Amino acid sequence: MHPYLLIGGLKLPVYWLMSLLGLALAAFLLRQRNRFYQLPGDDVLHIGILAMVGALIGAKLLYLLTILPELITYAGLWLAEPMLLLSGGAVFYGGLYGGLTAALLYCRKYRVDKARAVALFTPAIPLFHACGRLGCFFSGCCWGVPWERGLAYQEALAAPNGVPLLPVQLISAALLLLLFVFLLLAETRLSQKHLLLPLYLALYSVGRFILEFFRGDTLRGIFLLSTSQWIAAATLCGLVVWWFFRRSKGGNGHE
């Protein structure tokens, strides 16, 4: 559980190394899967790049929104040094919806088959995310509640050092890998492959809502629930409305 890896004279953040690993695995997966979906290679590359940009922007913007009171209080500080806004954390749901928005806008502008693009990319999301959660574990962010049988950090960047904590990041990574495998298996039974995305959103939201209760970092929301729990609940409600609307329209065709 070391936040940095020393290679020669280089001090490399493990979080970013794990993120790069996740990116490489996702890229390999997309290449293999596109043998079936047959989207133009340039479109796959452009969607992937724009999705990453949208994810970075969305994750940071949502994080800044969660700390808006602090930003207002210390407005003079970050106005003097605006680069401080780029430091700190990120919120996954902001990245998820930022990336999806960027990808779908590209598909709309360049008339790429959205159903095929969604089906192609969806399983890559939990695979990449699982690597990111491993990075969180090594870095000591997004930590779990105190637990006598837990693991204690000694060099964590954010988590309390010397306190046994539930390794909720490892639990999250394991569940994301299971979700990745489940999506691949479910894909073989779905006649409409684009339904992988709502299936992913529903299952991830349920798991995220529950796991948030075992997070030990400071409260990240309002009214007893974290920001991610509110978004998870809103996502599930939105999926229910979408499903009933789809059923009422006889939604058996491609969207």
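Residues numbered from 1 in each chain as written. Predicted model: local features only at pLDDT ≥ 70, side-chain atom pairs only at ≥ 80, totals over all residues. Heavy atoms only, no water.

When helices and strands are counted, the protein shows 10 helices and 6 strands. Expected size for 255 residues packed as a compact globule is a radius of gyration near 18 Å; at 19 Å, the protein falls within 12% of this value. Seen along its three principal axes, the alpha-carbon backbone of the protein occupies a region of about 55 × 45 × 45 Å. Within the protein, buried positions represent 42% of all 255 residues. Excluding contacts between residues fewer than 6 apart, the proportion of contacts in the protein whose partners are at least 24 apart in sequence is 67%. Accessible surface for the protein amounts to roughly 14900 Å². Of this, 71% is attributable to carbon and sulfur atoms. Charged side chains in the protein number 20 positive and 11 negative. The centres of these two groups are separated by 10 Å. (Helix = DSSP H or I, 4+ residues; strand = E, 2+ residues; numbered from the N terminus. Rg over C-alpha atoms; globule rule 2.2 N^0.38 Å. Buried < 20%, exposed > 50% of the residue type's maximum accessible area, 1.4 Å probe, protein only. Contact = heavy atoms within 4.5 Å. Areas by Shrake-Rupley, 256 points an atom, 1.4 Å probe, with all protein chains shown as cover. Lys, Arg positive; Asp, Glu negative; His and termini not counted. Charge placed at Lys NZ, Arg CZ, Asp CG, Glu CD.)

Let us look at the side chain of R133. Along the polypeptide, R133 turns up in helix α7 (residues 124-139). Although R133 is buried, it makes no salt bridge; E212 carries the closest opposite charge, 5.7 Å away. In this view, R133 contacts C142, Q169, S172, A173, L176, R208 and R215; residues no more than four positions away in its chain are not counted. (Salt bridge = Lys/Arg side-chain N within 4 Å of Asp/Glu carboxyl O.)

Another point: the nonpolar core. Grouped together as the largest cluster of nonpolar side chains are 20 residues, with contacts concentrated most on F92, Y93, L96, L197, Y200, L201 and Y204. No other element matches helix α9 (residues 196-211), which puts 5 residues into this core. Among the nonpolar cores identified, the runner-up in size contains 19 residues, and Y106, C107, V112 and F180 belong to it. (Core = buried A, V, L, I, M, F, W, Y, C linked by side-chain atoms within 4.5 Å.)

Here we come to unusual backbone geometry. At Q38, a residue that is not glycine, the phi angle is positive and equals roughly 55°. According to the relative accessible area criterion, Q38 is exposed, its value standing at 52%. The phi dihedral of C142 falls on the positive side, at around 55°, and the residue is not glycine. Counting through the fold element by element, C142 comes out in the loop between α7 and β3 (146-152).

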